[in-house]
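Fold and geometry: a report
Each chain, written out:
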Amino acid sequence: MKYIEEINPGDCFELNGHLYILTTDFKKNNDRLAISLISGVACWFKSDSIISIQDIYVLDKVNNIIPVKSNVKTIS
């Protein structure tokens, strides 16, 4: 568990059973903008919202499971 202000843009998180991706946008009061992975709707969150980090995975050409935010190079 972390505060939303502690994660980086592009990180995926869960709050109240919904998955979001954090954007680079923020307000003067430090509210953070995130996009819902299900509906695509943008939502503002208080900077002190407690969230759970989630990983997103994809399959490469040979069906290896790779995290999206990884530095691992895939086999071409």
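Residues numbered from 1 in each chain as written. Predicted model: local features only at pLDDT ≥ 70, side-chain atom pairs only at ≥ 80, totals over all residues. Heavy atoms only, no water.

**Concerning the confidence of the model for the protein**
In the predicted model, the protein carries a mean pLDDT of 89, and 91% of its residues have values of at least 70. Confidence, expressed as mean pLDDT per element, reaches its minimum in the protein at strand S8 (residues 65–67) with 89 and its maximum at strand S4 (residues 32–36) with 97. (pLDDT = per-residue confidence, 0-100. Helix = DSSP H or I, 4+ residues; strand = E, 2+ residues; numbered from the N terminus.)

**Some details on the packing of aromatic side chains**
One pass over the structure, following the stated rule, counts 3 aromatic pairs. On the numbers, 5.7 Å between centres and 80° between planes, the contact of phenylalanine 13 with phenylalanine 45 is edge-to-face. Note that phenylalanine 13 is positioned in strand S2 (residues 12–15) and phenylalanine 45 in strand S5 (residues 42–45), a separation of 32 residues in sequence. Residue phenylalanine 45 is classed as buried on the basis of its relative accessible area, which comes to 10%. Three or more aromatic residues link up through ring pairs in this structure, and these residues are Phe13, Tyr20 and Phe45. Lysine 27 extends its terminal NZ or CZ atom over the ring of tryptophan 44, reaching a point 4.8 Å from the ring centre. (Phe/Tyr/Trp six-rings, centres within 6.5 Å; stacked < 30°, edge-to-face > 60°. Buried < 20%, exposed > 50% of the residue type's maximum accessible area, 1.4 Å probe, protein only. Lys NZ or Arg CZ within 6 Å of the ring centre and 35° of its normal.)

**A short note on the side chain of serine 47**
Inspection of the secondary structure puts serine 47 in the loop between S5 and strand S6 (50–54). Among the residues examined, serine 47 registers a relative accessible area of 14% and is labelled buried. Ignoring sequence-local partners within four residues, the contact set of serine 47 consists of Tyr3, Ile4, Glu5, Asn30 and Asp31. (Contact = heavy atoms within 4.5 Å.)

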